Amino acid sequence: MDLFEWDESFCTGIPHIDEQHQRLISMISDLDKADREGTGGLLISYVLQELMRYVTLHFEEEEQLMMSYDFPGLVSHRQEHDFYVMRLKHVQESYHDGDALSKNTLAFLKDWISCHIKGTDQIYAEFIRTKTGTVKSN
Ligand SMILES: [Fe+2]
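Fair warning: this is a prediction, and the values are worked out from it, not measured in the lab.

Asker: Where do I start with the environment of threonine 56 in this structure?
Answerer: Here threonine 56 shows up in helix α2 (residues 41-68). Residues threonine 56 and tyrosine 84 lie 28 residues apart in sequence; the distance between their C-alpha atoms is 9.7 Å.

Structure (structure tokens):
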């Protein structure tokens, strides 16, 4: 499987959001690595827990940001966030019940976040950039 790394195509032009996205991608990458190297269940369990904590925090920050700029797409954006949190919770529960992380699960965690950042997040980011008159640096 290809390495999952942040690159400019993920850029939103909002520095603290880009930093959080980099961290999220790096956490999912750690999960992928731990799974591939068979590093052990404790590490995977810890990374899943950290991912849940961080993704929740990040989504809340994004939602606050959208709210503060009166972004009209907040409701549907929030629904996407809620869907990911629900799926991640399910992944965590099945893992604790003894199911291994499947390739499909890892692919879902990576693909969803990738599509979300490159698609849905770009919409609110462009809205905010237009409102604030800022441009993407890349
Ligand atoms: Fe988002």
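Asker: Honestly, the coordination of the iron ion in this entry has me stumped. Any pointers?
Answerer: Ideal geometry at a metal centre gives angles of 109.5 degrees when four donors are arranged tetrahedrally and 90 or 180 degrees when six donors are arranged octahedrally. Within the protein, Glu62 (OE), His77 (NE2), His81 (NE2), His116 (NE2) and Asp121 (OD) serve as the donor atoms for the iron ion, at 2.0 to 2.3 Å. Written as a sequence motif, the donor arrangement for the iron ion is E-x14-H-x3-H-x34-H-x4-D. Of the two residues, glutamate 62 is situated in helix α2 and histidine 77 in helix α3 (residues 74-96); the sequence distance between them amounts to 15 residues. Summarising the burial analysis for this pair, glutamate 62 and histidine 77 share the class buried.

Asker: Would you explain the environment of leucine 65 in this entry?
Answerer: Secondary-structure assignment places leucine 65 in helix α2. Leucine 65 sits in the buried class, given a relative accessible area of 14%.

Asker: Is there a simple way to think about the packing of helix α1 (residues 15-37) against helix α4 (residues 103-132) in this case?
Answerer: Two measures define how a pair of helices packs: the angle their axes make with one another and the distance between the axes. Their axes nearest at 10 Å, the elements α1 and α4 cross at an angle of 170°. The pairing of α1 with α4 is recorded here as roughly antiparallel in orientation. Between α1 and α4, the residues in contact are Ile17, His21, Leu24, Ile25, Ile28, Leu31, Asp32, Asp35 and Arg36 and Lys103, Leu106, Leu109, Lys110, Ile113, Ile117, Asp121 and Tyr124, respectively. Its residues assigned to classes, the contact of α1 with α4 comprises 10 nonpolar, one polar and six charged.

What counts and what doesn't
Residues numbered from 1 in each chain as written. Predicted model: local features only at pLDDT ≥ 70, side-chain atom pairs only at ≥ 80, totals over all residues. Heavy atoms only, no water. Helix = DSSP H or I, 4+ residues; strand = E, 2+ residues; numbered from the N terminus. Donors = N, O, S within 2.8 Å, 3.2 Å for Na, K, Ca; no water. Buried < 20%, exposed > 50% of the residue type's maximum accessible area, 1.4 Å probe, protein only. Axes fitted to C-alpha atoms, helices over the stretch in contact; angles between N-to-C directions. Parallel < 35°, antiparallel > 145°, perpendicular 65-115°, else oblique. Contact = heavy atoms within 4.5 Å. Nonpolar A, V, L, I, M, F, W, Y, C, P; charged D, E, K, R; others polar.

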